[in-house]
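# Structural description and commentary
Residues per chain, in single letters:
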Amino acid sequence: MGLLKLAALGTLGYVGYKYYEKNKDGGAAYAEGQGSNSNFSNVRDSGPNAMRDKPARSWNEADEDSDQSFPASDPPANY
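Report follows, based on the coordinates. (Residues numbered from 1 in each chain as written. Predicted model: local features only at pLDDT ≥ 70, side-chain atom pairs only at ≥ 80, totals over all residues. Heavy atoms only, no water.)

Our next topic: the overall build of the protein. Per the secondary structure count, the protein includes 2 helices and 0 strands. Counting all 79 residues of the protein, 18% fall into the buried class. Taking contacts inside the protein between residues at least 6 apart in sequence as the whole, the part at least 24 apart equals 9%. (Helix = DSSP H or I, 4+ residues; strand = E, 2+ residues; numbered from the N terminus. Buried < 20%, exposed > 50% of the residue type's maximum accessible area, 1.4 Å probe, protein only. Contact = heavy atoms within 4.5 Å.)

With that settled, the discussion passes to the pattern of salt bridges. Tallying each qualifying case throughout the model produces 1 salt bridge. Ionic pairing is found between D63 and R57, a salt bridge with its closest N-O pair at 2.8 Å. In this structure R57 comes out as exposed when scored by relative accessible area, which is 52%. (Salt bridge = Lys/Arg side-chain N within 4 Å of Asp/Glu carboxyl O.)

A separate point is the environment of E32. Considering the arrangement of structural elements, one finds E32 in the loop between α1 (2-23) and α2 (61-69). Sequence spacing of E32 and M51 is 19 residues, and the spatial spacing of their C-alpha atoms is 8.5 Å.

If you want it as C-alpha cells, here you go:
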C-alpha cells in the first residue's frame, strides 16, 4: 500500500512539474525576443520598447536614465 501511495505522489509531482514548465513565460518584464532567449542571462534591454506590458504613461528622460542604470546602486545624475 505504501508503494502505491509513493507512485501516485511521484506521478502527481511529475504532472505538476510538466504543467508548470508548459505555462511559464519569460516574465512580465520581457518583450518578445527579450530575457532568456537573448544572450546568456535573463536581462532585458532598457526602455519601454523592451517591456512586454507597455507603461501607462509615456516615459521622461529620468525614467529612461533610471531604467538604463538598473541594477546599479547609484541613481542617474539627472534623477
